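Single-letter residue listing:
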Amino acid sequence: GENVEQHPSTLSVQEGDSAVIKCTYSDSASNYFPWYKQELGKRPQLIIDIRSNVGEKKDQRIAVTLNKTAKHFSLHITETQPEDSAVYFCAASISNQGGKLIFGQGTELSVKP
Amino acid sequence: GAVVSQHPSRVICKSGTSVKIECRSLDFQATTMFWYRQFPKQSLMLMATSNEGSKATYEQGVEKDKFLINHASLTLSTLTVTSAHPEDSSFYICSAREDRADYNEQFFGPGTRLTVL
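Residues numbered from 1 in each chain as written. Chains lettered and ligands numbered in written order. Predicted model: local features only at pLDDT ≥ 70, side-chain atom pairs only at ≥ 80, totals over all residues. Heavy atoms only, no water.

**Quick notes on the overall build of chain A**
Working step 1: Looking only at helices and strands, chain A features zero helices and eleven strands.
Working step 2: Helices and strands in chain A line up, N terminus first, as β-β-β-β-β-β-β-β-β-β-β.
Working step 3: Taking 13 Å as the expected radius of gyration for a compact globule of 113 residues, we find that chain A reaches 14 Å, a close match to that expectation.
Working step 4: Split into buried and exposed, the 113 residues of chain A put 44% on the buried side.
Working step 5: Surface accessibility of chain A: about 5600 Å² in total, with carbon and sulfur atoms responsible for 46%.
Working step 6: Charged side chains in chain A number 12 positive and 13 negative. The centres of these two groups are separated by 5 Å. (Helix = DSSP H or I, 4+ residues; strand = E, 2+ residues; numbered from the N terminus. Rg over C-alpha atoms; globule rule 2.2 N^0.38 Å. Buried < 20%, exposed > 50% of the residue type's maximum accessible area, 1.4 Å probe, protein only. Areas by Shrake-Rupley, 256 points an atom, 1.4 Å probe, with all protein chains shown as cover. Lys, Arg positive; Asp, Glu negative; His and termini not counted. Charge placed at Lys NZ, Arg CZ, Asp CG, Glu CD.)

What follows is the structure, encoded as structure tokens:
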């Protein structure tokens, strides 16, 4: 089955710097890749997603890139702010397998003012 | 739109008792819902896929007789943790896919914190 690896597990940046989180997946049939932000004790919040027919997507300070050949995708946050501090999860999904999400291990991002 | 609720938000029970958690899609139909478990400082682990009108599909290693799933309507799935033990203490989160959507986005419930004494 699908396996998603996420790095790094922790990331500390200064306010205003960029943060990059990387994920790799194993199943080439995966075609949907969302990123979630989760604050302590809360539900995961979708921040951006990308489908396999697109190589890059951007939404203000957040961007995601996808390399299908290498089977990896990355989250880029620019101009980080203290409120960006949270745990971020990547996930992969295969639409013809019911759309179940397989999550990466998570990255705890800390943005220092 | 696309709101998913969960009830209860928090439950404390004695070892050996059963606990039922409800997951509802409030403003859309969801033939497919998912149940995840999250231990402290860990990722979300998919437990099972809940299908309206049919049996749930469990992930490898998840005991179907311990975690009973019932998806009796297009807006409600329930997870019953039977004979709960302290090791079942965790954060249980459900999600739902909108039937009419042609993509895989899932909408998550707020989660249920289960503590087994």
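Let's pick the thread back up.
**Details of the state of the cysteines**
Note on terminology: disulfide describes a covalent bond linking the sulfur atoms of two cysteines.
Working step 1: On inspection of all chains with the given rule, the structure shows two disulfides over all chains.
Working step 2: Sulfur-sulfur distance for the disulfide between A:Cys23 and A:Cys90 comes to 1.9 Å. The sign of the S-S torsion, about -100°, decides the handedness of the disulfide formed by A:Cys23 and A:Cys90: left-handed. Here A:Cys23 is found in strand 3 (residues 19-25), whereas its partner A:Cys90 is found in strand 9 (residues 86-93), with 67 residues between them in sequence. Summarising the burial analysis for this pair, A:Cys23 and A:Cys90 share the class buried.
Working step 3: Each disulfide pairs two cysteine sulfurs, and for B:Cys23 the partner residue is B:Cys94, the sulfurs being separated by 2.0 Å. Taking the sign of the S-S torsion, about 80° here, the bridge from B:Cys23 to B:Cys94 comes out right-handed. With B:Cys23 in strand 3 (residues 19-25) and B:Cys94 in strand 9 (residues 90-97), the pair connects residues that are 71 residues apart, well separated along the chain. Residues B:Cys23 and B:Cys94 agree in their burial class; the two are buried.
Working step 4: Summary of cysteine pairing: B:Cys13 is not part of a disulfide, and the nearest cysteine sulfur, belonging to B:Cys94, is at 18 Å. (Disulfide = S-S within 2.5 Å.)

**Brief notes about the pattern of salt bridges**
Working step 1: The final tally for this structure, using the stated rule, is six salt bridges over all chains.
Working step 2: We note a salt bridge from A:Asp49 to A:Lys57, for which the minimum N-O separation is 2.9 Å. (Salt bridge = Lys/Arg side-chain N within 4 Å of Asp/Glu carboxyl O.)

**Considerations on the interface of chain A and chain B**
In many reports, interface size means the accessible area that the parts give up when they come together.
Working step 1: Residue-level contacts link 21 residues of chain A with 22 residues of chain B.
Working step 2: Contact between chain A and chain B buries roughly 1700 Å² in total, counting both sides, with carbon and sulfur atoms accounting for 53%.
Working step 3: When the buried surface of chain A facing chain B is broken down by residue, A:Arg43, A:Lys100 and A:Phe103 rank first, second and third, together holding 30% of it.
Working step 4: For the interface between chain A and chain B, the tally reads one salt bridge.
Working step 5: In this structure, the salt-bridge partner of B:Glu59 is A:Lys100, at a minimum N-O distance of 3.1 Å.
Working step 6: Viewed at the interface, chain B and chain A are joined by six residue pairs in polar contact (both at pLDDT 80 or more).
Working step 7: Elements that contribute at least two residues to the side of chain A that touches chain B include exactly strand 4 (32-38), strand 5 (45-51), strand 9 and strand 10 (101-103) of chain A. (Contact = heavy atoms within 4.5 Å. Buried area = accessible area lost by both parts, 1.4 Å probe. Polar contact = N/O pair within 3.5 Å; in protein donor to acceptor, adjacent residues only side chain to side chain.)

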